[in-house]
Amino acid sequence: MPLVLYNTLTRKLEEFTPLVEGAASMYTCGPTVYNFFHIGNARSFVMSDVIRRYLEYRGYDVNFVMNITDVDDRIIKQAIDEGIDASAVAGKYTDAFLEDIARLGIRPATANPRATDNIEGIVSHIERLIAAGAAYTVEGDVYFRVSAFPAYGKLSGKRLEDLQAGARVDADSRKEQPGDFALWKTAKPGEPSWPSPWGAGRPGWHIECSVMSQKYLGDSFDIHAGGNDLIFPHHENEIAQSEALTHTPLARTWLHFGFLNIDNEKMSKSLGNFFTARDILSMYSAETLRFFYLQTHYRSPLNFSDDGLDAAAKGLQKLQGLYDQLLTAPDGEGIFDVGPWEQRFIAAVDQDMNTPAGFGVLFECARDANGLLRSDVGMTANAKAALRDFLRRSALGVFGVLHETETARADSSQIGALMDLLIAVRAKARADKQWGLSDFIRDGLKDIGLALEDGKAGTTWKRADNA
RNA sequence: GGCGACGUACCCAAGUGGCUAAGGGGACGCUCUGCAAAAGCGUUAUGCAUCGGUUCGAAUCCGAUCGUCGCCUCCA
């Protein structure tokens, strides 16, 4: 059973068959670094990360590129607002972006190319588009000539006539057609600029992705991902700019993520329902936020709420608790076969990255395992290790919702030995019905973040600070 | 106006033609326990917006209606 993905380009579920067997090339549109990114952006970044992780879990060697747009109108505007220059804004928020995705548990991309490091490539790409008749200059600006690319609209399903009918267009536009878009913009005084055959200026919004994806992944690659709102115009324009020269499909599979809403409305600064990922991460763990995202299918809209986050935090404790207890639970006799569970897990997630169904499998597995683990039979050392390994590769490795608590290995650390000793002392006290002493030990440990749990097969312990 | 998505229990959310409609949260009951915590078990949708249709059979396909939302303009 292969991985199946929904391709925006064909509007169908398709088997994932990479260009190169055993490898997968993937490009995700990264941030424009004009501010801290918000929890909607974070959803896209997390989803891209999980797709990348799952591809690796399924055995692909993944080349994952996420660009950083560090020159843009919004950056210039932010520079004016903050009273510093544009490059300082870009630098500040690029650093913040890298910090925040690390905090989100997003694995580093193979490359994070920046637009400003690729100006030469952009200029030469534009020159070639002009030479090919697919672009034209107007007073130092360069526009892409949409009419030169007959397939324009194939991704978004839009027709040029419709665009013209509905779009609000400058009456005195210097563009040949309303759908034409800027490849190069002349700099106004004080704006960041680079020399070009058309004068000092900066690249338009879409061109960098065409140039950088080609540079790092080639003319054609496997997966291009981004938020729903990038379908048009951004990705449509990327296709036009790239394929007008390469005449080969830019990306074979286009994935688009559903929006994150607040109170069922799109998040926006003007509505005041705007949250940065950074702010949310000060209140909830990255694991909780990731689980919250992954409980909804990536193409569906997701409504953001404190209740949802709280429920996610609570639910996660069950998986984390099992993961921890598999280390400290005493060895027993019970056999637990994780094989079928892993098969079900793969079958679920293979179906268009159905992460909610994947979690369904994981939680059912956890329920069964807990039942056995807490019974008087317990689980064998091998069974515990195999289950822990599965959870480490799935819930932790693919989804990134578990963490290795500092729970010291009971068999290899002083803390583990110390806990064993305390538990033994307490067991003695309990045997003598010295409840005051046994509770004193339990309460004291709880105060320093270590929870004792009495079970049929003995007492186990875990860090109580996981959430 | 053009294009598109969605409406499943108290909340969140899978399921897209055929076993008892996953899973998480919440609530209630129970088991275990010295107490607790954790965990497990049971109950919480004869029904999947509404009304028709296709079919031996539909939450799943088709049509209509109502409702919500997104894109077409910077936007993950």
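Our subject is the structure listed above.
Cut-offs applied
- Sequence order sets the numbering: in each chain, residues are counted from 1 along the sequence as written.
- Here every chain gets a letter starting at A, and every ligand a number starting at 1, in the order they are written.
- pLDDT decides what is reported in this predicted model: residues at 70 or higher carry local features, side-chain atom pairs at 80 or more are listed and counted, and totals for whole chains, interfaces and linings draw on all residues regardless.
- Excluding hydrogens and water, the side-chain values take into account all heavy atoms of the structure.
- The patch calculation keeps residues exceeding 30% relative accessible area without a salt bridge and links them within 9 Å when they carry like charges or within 5 Å when they are nonpolar (Val, Leu, Ile, Met, Phe, Trp, Tyr).
- Residue exposure ignores everything except the shown protein chains as possible cover, and the areas themselves are Shrake-Rupley values with a 1.4 Å probe.
- Salt bridge criterion: a side-chain nitrogen from Lys or Arg within 4 Å of a carboxyl oxygen from Asp or Glu.
- Segments assigned H or I by DSSP are reported as helices when at least four residues long, segments assigned E as strands when at least two residues long, and all are numbered from the N terminus.
- In this description, a line fitted to the C-alpha atoms serves as the axis of each element, helices being fitted only across the stretch in contact, and the angle between N-to-C directions of two axes falls anywhere from 0 to 180 degrees.
- Angles are sorted into four bins: roughly parallel if under 35 degrees, roughly antiparallel if over 145, roughly perpendicular if 65 to 115, and oblique for all others.
- Contacts are assigned to residue pairs that have any heavy atoms within 4.5 Å of one another.
- Residues belong to one nonpolar core when they are buried, are Ala, Val, Leu, Ile, Met, Phe, Trp, Tyr or Cys, and are joined through side-chain atoms within 4.5 Å.
- For every residue, the accessible area obtained with a 1.4 Å probe (protein chains only) is divided by the maximum for its type, and the residue is called buried under 20%, exposed over 50%, and partly exposed between those limits.
- One requirement defines pairing of two strands: DSSP has to find at least two bridges between them.
- Each polar contact in these results corresponds to two N or O atoms within 3.5 Å; when the atoms are within protein, one needs to be able to donate a hydrogen and the other to accept it, and residues that are neighboring in sequence are counted only if both atoms are side-chain atoms.

## Concerning a nonpolar patch on the surface
Taken together, the side chains of Leu 418, Leu 421 and Val 425 make up a nonpolar region of the molecular surface, amounting to roughly 270 Å² of accessible area. Counting through the fold element by element, Leu 418 comes out in helix H14 (residues 414-431).

## Let's talk about the packing of helix H1 (residues 39-57) against helix H9 (residues 286-294)
Helix-helix packing: each pair is described by the crossing angle between the helix axes and the interaxial distance. Relative orientation of the contacting elements H1 and H9 amounts to 85°, with a least axis distance of 10 Å. The angle between the axes of H1 and H9 places the two elements in the roughly perpendicular class. Packed against H1, whose contacting residues are Ile 39, Ala 42, Arg 43, Val 46, Met 47, Asp 49, Val 50 and Arg 53, the element H9 presents Arg 290, Tyr 293 and Leu 294 at the interface.

## Quick look at the nonpolar core
Within the largest apolar cluster, 88 residues are counted, with the highest numbers of intra-cluster contacts made by Leu 55, Phe 336, Phe 345, Leu 387 and Phe 399. Looking at which element gives the most residues to this core, the answer is H1, with 10 residues. Those residues within four positions of Phe 336 in sequence are excluded, and the remaining contacts are Trp 341, Cys 365, Asp 368, Ala 369, Leu 372, Met 379, Ala 383 and Leu 387. Of all hydrophobic cores here, the second largest spans 39 residues; its members include Ala 115, Val 146, Trp 184 and Trp 198.

## A look at helix H7 (residues 231-246)
The element H7 is extensively covered by neighbouring structure, given that 14 of its 16 residues are classed as buried. The positive-phi residue at the C-terminal boundary of H7 is His 247, with phi of around 55°.

## Details of the sheet that holds strand E3 (residues 23-28)
The four strands are arranged E4-E3-E9-E10 in an open sheet whose pairing can be described as parallel. Among the strands making up the open sheet, the edge pair consists of strand E4 (61-66) and strand E10 (251-257). Pairs of neighbouring strands in the sheet enclose a mean axial angle of 20°, with direction left out of account. The sheet contacts of helix H6 (residues 207-217) involve E3, E4 and strand E9 (221-227), and relative to E3 the element is tilted by about 160°.

## A few points about the side chain of Thr 8
Among the structural elements, Thr 8 can be located in the loop between strand E1 (4-7) and strand E2 (12-15). A residue is classified by how much of its surface remains accessible, and Thr 8, at 11% relative accessible area, is buried. Of note is the side chain of Thr 8, whose polar atom sits 2.7 Å from the side chain of His 256. What Thr 8 contacts, discounting residues up to four positions off in sequence, is Leu 155, Ile 231, Trp 254, Leu 255 and His 256.

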